[in-house]
Amino acid sequence: MGTGKIIMDEAAIRRALTRIAHEILERNKGVTDSILFGIKSRGIYLAERLAEKIAQIEGCPIPTSSLDITFYRDDVDKENLQPIDRTQVPDVNGKKVILVDDVLYTGRTARAAMDALIDIGRPQLIQLAVLIDRGHRELPIRPDFVGKNVPTSKRENVSVLLRETDAETDAVSIISP
């Protein structure tokens, strides 16, 4: 696999999410008619953390939901996949939707998430919040909220570990070949 260099520890991730929460509130003038959608899998936990921070800062909750974009990806075999179960997704019509993901790389995941949302309904607007933006876009997609810009080579990997799924502590590291 290679060696890893930690670029964000638990405190740095917490500070980045706090900053993103403030930026979301400032840009949207609050959270009225807003929904956070975490892109499976780590985006879900980051969206939940952002929702907690927004509730602490603003004093009112923001709804969160998860979005499984597997069916919408252009790099997987769709023969045995099932589309999104719309009964489990909140109404997005006329809402400000903030997509949340851990790493933005080529932009293909974000594009798939936007396709999934458009199939569900017609949001007022879609914004993108990411913990790490590593560059190397293949599609014209730019995040609205970024925890940290991390210039990488295409040969490197960015690994995000969260206590909910991976480890006892949070960390982001770059894995070199």
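Residues numbered from 1 in each chain as written. Predicted model: local features only at pLDDT ≥ 70, side-chain atom pairs only at ≥ 80, totals over all residues. Heavy atoms only, no water.

Visitor: I keep staring at the packing of helix α1 (residues 10-28) against helix α2 (residues 42-58) and nothing clicks. Help me out?
Guide: Angle between the axes and distance between the axes: these two values describe a pair of packed helices. For the pair α1 and α2, interaxial distance at closest approach is 9 Å and the crossing angle is 60 degrees. Comparing their axes, α2 and α1 come out oblique. For the pair α1 and α2, the sense of crossing is right-handed. Here α1 contributes I13, R14, L17, T18, I20, A21, H22, I24 and L25 to the contact with α2, which in turn contributes L46, R49, L50, K53, I54, I57 and E58. The class makeup of the residues in the contact of α1 with α2 is 10 nonpolar, two polar and four charged. (Axes fitted to C-alpha atoms, helices over the stretch in contact; angles between N-to-C directions. Helix = DSSP H or I, 4+ residues; strand = E, 2+ residues; numbered from the N terminus. Parallel < 35°, antiparallel > 145°, perpendicular 65-115°, else oblique. Left-handed = near helix turned anticlockwise from the far one by under 90°. Contact = heavy atoms within 4.5 Å. Nonpolar A, V, L, I, M, F, W, Y, C, P; charged D, E, K, R; others polar.)

Visitor: Looking at this structure, I do not really get the environment of D119. What am I missing?
Guide: With respect to the helices and strands, D119 occurs in helix α3 (residues 108-120). For D119, a relative accessible area of 41% corresponds to the partly exposed category. Looking at D119, its side chain comes within polar contact range of the side chain of Y72, at 2.9 Å. (Buried < 20%, exposed > 50% of the residue type's maximum accessible area, 1.4 Å probe, protein only. Polar contact = N/O pair within 3.5 Å; in protein donor to acceptor, adjacent residues only side chain to side chain.)

Visitor: Looking at this model, I keep getting lost on the sheet that holds strand β2 (residues 34-39). Mind explaining?
Guide: The pairing of strands in a sheet comes from backbone hydrogen bonds and takes either a parallel or an antiparallel form. With respect to topology, five strands assemble into an open sheet ordered β3-β2-β4-β5-β6, the strand pairing being parallel. Each end of this open sheet is capped by a strand with a single partner; those strands are β3 (64-67) and β6 (145-149). Neighbour-to-neighbour, the strand axes of this sheet turn through a mean angle of 25 degrees, independent of strand direction. Across the sheet, α2 is in contact with β2, β3, β4 (96-104) and β5 (125-133); its angle to β2 comes to roughly 150 degrees. (Pairing = 2+ DSSP bridges.)

Visitor: Got a minute to help me understand the nonpolar core in this structure?
Guide: For soluble globular proteins, nonpolar side chains are generally found buried alongside one another. By size, the foremost hydrophobic cluster in this structure holds 30 residues, and its most contacted members are L36 and L131. Put simply, the parts of the chain that give this core at least two residues each are α1, α2, β4, β5, β7 (157-161) and β8 (171-176). Among the elements that line this core, the one with the most residues is α1, at eight residues. Discounting residues that sit within four places of it in the chain, L36 has contacts with I24, A47, L50, A51, I54, I62, P63, T64, S65, I98 and V100. Core analysis: the next-biggest nonpolar cluster, separate from the first, contains 21 residues, I35, I39, I120 and V130 among them. (Core = buried A, V, L, I, M, F, W, Y, C linked by side-chain atoms within 4.5 Å.)

Visitor: What exactly am I supposed to notice about the UniProt feature "short sequence motif: PRPP-binding" (unreviewed entry) in the protein chain here?
Guide: The feature "short sequence motif: PRPP-binding" (unreviewed entry), as annotated in UniProt, sits at residues 97-109 in this numbering. With 15% helix and 62% strand, residues 97-109 has end C-alpha atoms that lie 16 Å from one another. (UniProt positions renumbered as here; feature names shortened; annotations may be inferred.)

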